[in-house]
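# Analysis of the macromolecular model
What follows is the residue order along each chain.
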Amino acid sequence: MKKILFVTSEAHPLIKTGGLADVSGSLPKALAEQGIDVRIIMPKYQAIKTTEQIYYKSTVRVNNADANLLETRLPGTEVIVWLVDYPEFFNLPGNPYVDENGDPWTNSAERFALFCRIAVEVAMNRSYLNWTPDIIHCNDWQSGLVPALLSLESNHPATVFTIHNLAYQGLFPKATHASLNLPSQLWNSNGVEFNGMLSFLKGGLAYSDRITTVSPTYAREIQTADFGYGLEGLLSYRKDGLTGIINGIDTENWNPETDPNISVHFDFSTLNKKLFNKTALQNKHSLPVDNNIPVFALVSRLVEQKGIELVLDCLPEMLTLPLQCVLHGVGDKSFEQQLNNFARAYPDKMAITIGYDEGLAHLLEAGADIFLMPSLFEPCGLNQIYSLRYGTVPIVRKTGGLADTVVDTLPETLNNKTATGFVFDEATSGTLMEAIKRALIVYNQPEIWKQLQTCGMHKDYSWNKSAKEYMALYELL
Ligand code: ADP
Ligand code: GLC
């Protein structure tokens with residue numbers, strides 16, 4: 001049985017800021033169901049929530065620091081999770097990346113370097129856990145130093161590095177390389193050095209045996225200058241070892257037939273019951289209760305990546321049309337404020353709640369008619385998949401995983417019953433507005449609308465297929 005150490009900075013339901021947590025909470029579970037011995041390692045943040053027991057396992061010394069390794073289970077599963085307990089870095093209010101005021105941790109490099117060093121000790125079976133993994137599966141920049149440091153060990157396990165988002169690179173001044181006491185062999189242009197800076201991400205990209213990213217389209221996009229952030233050269237050089245594997249979803253957690261966060265359960269054969277959730281959503285946001293008016297939803301980190309600017313540009317025109325908008329998210333203060341201003345000016349048409357609320361995210365998926373996801377880039381994207389599963393028709397930009405998961409509504413895709421949403425290409429408010437208008441026209445043709453909803457709901461979004469692709473990759477190593 002293959003033994004995989006899954007290195008991540010967040011995993012649902014222990015702690016989550018975005019899709020990485022969804023994947024880290026569901027892929028290992030799917031792999032375990034296929035008979036893989038997979039264990040997760042992540043920092044023990046103060047904000048971790050669990051009802052599972054947590055046990056002390058060992059104390060490991062790295063770079064003159066003693067960290068404890070604690071053991072627990074991924075809630076509701078048998079998957080073992082090792083928590084790196086170093087209170088000075090992690091037992092603080094805030095989330096993995098920002099402090100309680102929302103400001104990025106000033107010692108992120110130290111925090112994740114320590115985390116990576118401990119992961120290396122576990123990988124090399126030097127941490128008294130009595131377990132030797134075959135493969136170390138790293139995720140995003142926070143784990144990027146793991147393949148780099150392992151490359152200096154003899155007889156080290158094979159490494160896979162998954163890019164969930166190339167925009168976050170873990171870039172620090174050159175001096176940080178020395179202050180972290182990192183081996184000098186790693187500092188070169190084929191190593192962790194990137195334009196004179198220390199790049200954690202590049203440690204993962206340069207030294208891992210295989211690179212994956214979370215959709216086939218994003219795998220191609222990141223080899224171009226528009227999406228590669230200067231790493232396109234390295235990524236195309238490594239293209240034979242680079243695969244795009246689309247994310248699956250946790251079909252238990254995101255299931256309109258059993259979801260405890262929604263008002264009334266439904267499936268494709270009882271789609272009319274979805275309306276109760278629409279009513280609940282309208283009530284909750286003090287919007288006029290109206291079954292017939294199309295409700296647009298957006299749940300997102302409010303950052304540039306998500307195309308919030310396009311939405312802001314469309315809102316003046318959108319809000320003259322017969323529709324309602326319900327938005328939920330947190331992020332860039334200026335986006336929050338501008339969206340709030342619209343909601344205040346049009347209280348009968350638009351509502352926004354700023355914050356992070358998991359239950360509300362589920363209710364929005366269940367109650368809305370249309371989901372907006374006009375991302376400028378999107379490695380995979382999970383919300384459009386949740387939307388499809390909840391009969392909420394997505395409007396997406398043709399990029400990354402959005403392009404790979406949503407089929408545009410066109411005469412031929414309606415005829416062959418593959419259409420599931422609305423896809424636009426150019427990143428302009430004009431093209432987004434056009435897609436919105438196309439959606440409104442089809443919304444007013446209930447039979448066709450229902451076809452879109454049911455086509456989306458019928459697809460298989462489970463991890464079955466993608467987990468097998470990861471397993472095939474592990475086999476190659
Ligand atoms: P990303 O990881 O880039 O943020 P994804 O679409 O992959 O984008 O995943 C986002 C995940 O985070 C989804 O599960 C989504 O429901 C959730 N999410 C984002 N913002 C919020 C929020 N404000 N409240 C609750 N859940 C949120
Ligand atoms: C990142 C990406 C998102 C992806 C998620 C999980 O946060 O922005 O597109 O779905 O990781 O892989």
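Right above here is the structure, for reference.
Below you will find a few notes about this structure.

Right, let's talk about the site of ligand 1 for a bit. Within the structure, ligand 1 sits among 22 residues, and K16, G19, D22, R301 and K306 are positioned closest to it. Residue H328 places a side-chain N or O atom 3.2 Å away from a nitrogen atom belonging to ligand 1. Within the backbone of D357, an N or O atom sits 3.1 Å from a nitrogen atom of ligand 1. The fraction of the free accessible surface of ligand 1 (560 Å²) that becomes covered by protein chains is 93%. At the level of secondary structure, the elements contributing two or more residues to the shell around ligand 1 comprise α1 (19–33), β13 (295–302), β14 (324–331), α13 (358–367) and α14 (383–389). Top element by residues in the shell around ligand 1 is β13. It accounts for 3 residues. Of the residues in the shell around ligand 1, the class split is 6 nonpolar, 9 polar and 7 charged. Looking at which domains feed residues into the shell around ligand 1, each of domain 1 (3–248 + 463–476) and domain 2 (268–457) supplies at least three.

To continue, consider the sheet that holds strand β5 (residues 80–85). Spatially, β3-β4-β5-β2-β1-β6-β7-β11-β12 is the arrangement adopted by the 9 strands of the open sheet, whose pairing is mixed. The two strands at the open ends of the sheet, each matched to only one other strand, are β3 (55–62) and β12 (242–244). Taken pair by pair, the neighbouring strands of this sheet meet at an average axis angle of 25 degrees, ignoring direction. The sheet contacts of α1 involve β1 (3–7), β2 (37–43) and β6 (135–139), and relative to β2 the element is tilted by about 155 degrees.

To continue, consider the environment of S387. The topology assignment puts S387 in helix α14. On the accessibility criterion, S387 (0% relative accessible area) is buried. Here the alpha-carbon distance between S387 and H362, two residues 25 residues apart in the chain, equals 9.5 Å. Residue contacts for S387: discarding those within four places in its chain leaves E365, F371 and T392.

Here we come to the packing of aromatic side chains. Tallying each qualifying case throughout the model produces 17 aromatic pairs. With centroids separated by 6.4 Å and ring planes inclined at 75 degrees, the aromatic side chains of Y229 and F377 adopt a geometry described as edge-to-face. You can see Y229 sitting in the loop between α8 (225–228) and α9 (232–237) and its partner F377 sitting in the loop between β16 (370–373) and α14, a full 148 residues away along the chain. Clustering of aromatic rings is evident, with ring pairs tying together Y97, F112, F115, W141, F172 and F200.

Attention shifts here to the pairing of strand β7 (residues 158–163). Most of β7 is tucked away: 6 of the 6 residues are buried. Burial along β7 is two-sided: A158, V160 and T162 facing one way and T159, F161 and I163 facing the other are all buried. Here β6 pairs with β7 via 5 bridges, running parallel. Counted as the bridge partner of N139 is T162 from β7. Taking the sense of rotation as the criterion, the β-α-β connection linking β6, helix α4 (residues 145–150) and β7 turns out right-handed. Of the strand pairs in this sheet, β7 and strand β11 (residues 210–213) are connected by 4 bridges, and their pairing is parallel. Across the sheet, the residue bridging to I163 is T213, located in β11.

What follows deals with the pattern of salt bridges. What the rule picks out here adds up to 15 salt bridges. Note that D37 and R39 form a salt bridge whose closest N and O atoms lie 3.0 Å from each other. Each member of the pair, D37 together with R39, is buried. With a closest N to O distance of 3.5 Å, E78 and R73 form a salt bridge. The exposure class of E78 is exposed, given its relative accessible area of 65%. Members of the salt-bridge network, linked through shared partners, are K16, D22 and E358.

Next up on the list: the environment of T405. With respect to the secondary-structure elements, T405 resides in helix α15 (residues 400–405). Note on T405: relative accessible area 10%, which makes it buried. In this structure, the C-alpha to C-alpha distance between T405 and N247, residues 158 residues apart in sequence, is 10.0 Å. Those residues in contact with T405 that sit more than four places away from it in its chain are I246, Q384, I385, L388, T420 and K459. One polar contact links the side chain of T405 to the main-chain carbonyl oxygen of G401, over a distance of 2.7 Å.

This brings us to the packing of helix α10 (residues 274–284) against α13. It is at 8 Å that the axes of α10 and α13 come closest, and there the two elements cross at 125 degrees. Overall, the two elements α10 and α13 adopt an arrangement that is oblique. For α10 against α13, the interelement crossing comes out left-handed. Between α10, through K274, N277, K278, A280, L281 and K284, and α13, the contact on the second element is made entirely by L360, L363, L364, E365, A366 and G367. Of the residues assigned to the contact of α10 with α13, the class counts are 6 nonpolar, 2 polar and 4 charged.

Take the site of ligand 2 next. Around ligand 2, 14 residues are found, and the nearest of them are H164, N247, E378, C380 and G381. N165 has a polar side-chain atom sitting 3.3 Å from an oxygen atom of ligand 2. In this structure, P379 approaches ligand 2 through a main-chain N or O atom, which is 3.5 Å from an oxygen atom. A total of 3 residues in the shell around ligand 2 trace back to one element, the largest contributor, which is α1. Of the residues contributing to the shell around ligand 2, the split by class is 6 nonpolar, 6 polar and 2 charged. Both of domain 1 (3–248 + 463–476) and domain 2 (268–457) provide at least three residues apiece to the shell around ligand 2.

What follows deals with the sheet that holds strand β17 (residues 393–397). Spatial ordering of the open sheet is given by β15-β14-β13-β16-β17-β18, a layout of 6 strands whose pairing is parallel. If you trace the sheet from one side to the other, it starts and ends with β15 (350–354) and β18 (422–424), each paired once. On average, adjacent strands in this sheet sit at an angle of 15 degrees to one another, irrespective of strand direction. The pairing of β13 with β16 spans 2 bridges and is classified as parallel. Note on β16: the bridge partner recorded for F296 is I370. Taken strand by strand, helix α11 (residues 308–318) contacts β13, β14, β15, β16 and β18, and its axis lies near 150 degrees from that of β13.

Criteria and thresholds
- Residues numbered from 1 in each chain as written.
- Chains lettered and ligands numbered in written order.
- Predicted model: local features only at pLDDT ≥ 70, side-chain atom pairs only at ≥ 80, totals over all residues.
- Heavy atoms only, no water.
- Near = heavy atom within 4 Å.
- Polar contact = N/O pair within 3.5 Å; in protein donor to acceptor, adjacent residues only side chain to side chain.
- Areas by Shrake-Rupley, 256 points an atom, 1.4 Å probe, with all protein chains shown as cover.
- Helix = DSSP H or I, 4+ residues; strand = E, 2+ residues; numbered from the N terminus.
- Nonpolar A, V, L, I, M, F, W, Y, C, P; charged D, E, K, R; others polar.
- Domains from an automatic or database assignment.
- Pairing = 2+ DSSP bridges.
- Axes fitted to C-alpha atoms, helices over the stretch in contact; angles between N-to-C directions.
- Contact = heavy atoms within 4.5 Å.
- Buried < 20%, exposed > 50% of the residue type's maximum accessible area, 1.4 Å probe, protein only.
- Phe/Tyr/Trp six-rings, centres within 6.5 Å; stacked < 30°, edge-to-face > 60°.
- Right-handed = clockwise from strand over helix to strand, strands pointing away.
- Salt bridge = Lys/Arg side-chain N within 4 Å of Asp/Glu carboxyl O.
- Parallel < 35°, antiparallel > 145°, perpendicular 65-115°, else oblique.
- Left-handed = near helix turned anticlockwise from the far one by under 90°.

Just geometry here; none of it tells us what the structure is for.
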